[in-house]
Amino acid sequence: SINLGYLNGLEILHLDKINSVEILRIDTPMGDSAPAYCTAFGKVFLAAMSAKELDRYLKTTELKPLTRQTITHAQALRDELTKIANDGYAIDNRELDENIRCIASPIRDESGKVIAALSYSGPTTRVKMVRLKTFIKTIKDITAEISQKLGYRENFPRKMDR
């Protein structure tokens, strides 16, 4: 499935989707939300935050373990977000749900602000990590094109330090 979402406070809000044609698929209802810290969508937004904004987020959010893979330590999340900011994409490898893998990349406006994210997700039975990684270039190219149409001119990825 392909999803479009944005950060709504502390959670990711799903705005639109294109469902997979497969019988077994991820079918997230529109308007549904999820914690930012354990989703590819959310980590894209968190990676774009300033250090001050991220500190505020971490002070107001309990990093609860939703699966065995959920990042629950602030420094580990900070390290992951630095990598995401540098790479230009995020992966949720069974962090929100044991049966889902997802990759997301940011959509930026003309000022460079991350205003949305696009993701590809699927069930772990079909979407192994090796397969998921084959979508990195494609999703980054698509979000870069959308961002350019919105006026963004800087090259991906943006380097950030935490």
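Model, not experiment: these values are computed from the prediction.

Caption draft 1: Broad picture of the overall build of the protein chain. The number of helices and strands found in the protein chain is five helices and six strands. Going from the N terminus to the C terminus, the protein chain shows its helices and strands as β-β-β-α-α-α-β-β-β-α-α. Pairs at least 24 residues apart make up 61% of the contacts formed inside the protein chain by residues separated by at least 6 positions. With the model as given, the accessible surface of the protein chain reaches about 8600 Å², and the carbon-plus-sulfur share is 53%.

Caption draft 2: Looking closely at the pairing of strand E5 (residues 100–108). Within E5, nine of the nine residues are buried, leaving the element largely enclosed by the surrounding structure. Summarising the sheet, strand E4 (residues 90–93) and E5 pair through four bridges and their orientation is antiparallel. Note on E5: the bridge partner recorded for Ala90 is Ala104. Here E4 hands over to E5 after six residues, with Arg94 in that stretch at a positive phi of 65 degrees. Relative to strand E6 (residues 114–123), E5 runs antiparallel, the two sharing nine bridges. Its bridge partner being in E6, Pro106 is matched across the sheet by Ala117.

Caption draft 3: Inspection of a nonpolar patch on the surface at higher detail. Taken together, Ile115, Ile142, Ile146 and Leu150 make up a surface patch of nonpolar side chains, about 280 Å² in accessible area. By the element assignment, Ile146 lies in helix H5 (residues 136–149).

Caption draft 4: Just helix H2 (residues 51–60), in detail. Among the residues making up H2, those that are buried are Leu54, Tyr57 and Leu58. Axial view of H2: buried residues confined to an arc of 95 degrees, hence all on one face. Summarising the geometry of H2, the exposed residues directed more than 90 degrees from the buried face are Lys52, Lys59 and Thr60. In the core, the buried residues of H2 are packed alongside helix H1 (40–47) and helix H3 (74–87).

Caption draft 5: View of the nonpolar core. Ranked by size, the top nonpolar core spans 26 residues in total, and within it Tyr37, Leu46, Leu54, Tyr57, Leu77 and Leu81 carry the most contacts. The set of elements that each furnish at least two residues to this core consists of H1, H2, H3, E5 and E6. Considering each element in turn, this core owes the most residues, six residues, to H1. Here Tyr37 is in contact with Lys43, Leu46, Tyr57, Thr61, Glu62, Leu63, Lys64, Leu66, Thr70, Ile71, Leu77 and Glu95, once residues within four sequence places are set aside.

Caption draft 6: Broad picture of unusual backbone geometry. With a phi close to 65 degrees, Arg94 is a non-glycine residue in the positive phi region. Relative to the helices and strands, Arg94 is located in the loop between E4 and E5. In this structure Arg94 comes out as partly exposed when scored by relative accessible area, which is 21%.

Caption draft 7: Just the environment of Thr124, in detail. Topologically, Thr124 is positioned in the loop between E6 and helix H4 (129–133). Counting along the chain gives 30 residues from Thr124 to Arg94, while the straight-line C-alpha distance between them is 8.0 Å. With near-sequence residues (within four places) excluded, Thr124 lies in contact with Arg94, Glu98, Asn99, Ile100 and Arg101.

Caption draft 8: Local environment of the packing of H1 against H3. Following both chains from N to C, one finds H1 and H3 inclined at 85 degrees, their axes separated by 9 Å at the closest point. As far as their axial angle goes, H3 and H1 are roughly perpendicular. Residues Lys43, Val44, Leu46 and Ala47 of H1 lie in contact with H3, whose contacting residues are Leu77, Glu80, Leu81, Ile84 and Ala85. Residues that form the contact of H1 with H3 fall into these classes: seven nonpolar, no polar and two charged.

Cut-offs used in this document
- Residues numbered from 1 in each chain as written.
- Predicted model: local features only at pLDDT ≥ 70, side-chain atom pairs only at ≥ 80, totals over all residues.
- Heavy atoms only, no water.
- Helix = DSSP H or I, 4+ residues; strand = E, 2+ residues; numbered from the N terminus.
- Contact = heavy atoms within 4.5 Å.
- Areas by Shrake-Rupley, 256 points an atom, 1.4 Å probe, with all protein chains shown as cover.
- Buried < 20%, exposed > 50% of the residue type's maximum accessible area, 1.4 Å probe, protein only.
- Pairing = 2+ DSSP bridges.
- Patch = residues over 30% accessible without salt bridge, like charges linked within 9 Å, V, L, I, M, F, W, Y side chains within 5 Å.
- Salt bridge = Lys/Arg side-chain N within 4 Å of Asp/Glu carboxyl O.
- Arc of directions from axis to C-beta.
- Core = buried A, V, L, I, M, F, W, Y, C linked by side-chain atoms within 4.5 Å.
- Axes fitted to C-alpha atoms, helices over the stretch in contact; angles between N-to-C directions.
- Parallel < 35°, antiparallel > 145°, perpendicular 65-115°, else oblique.
- Nonpolar A, V, L, I, M, F, W, Y, C, P; charged D, E, K, R; others polar.

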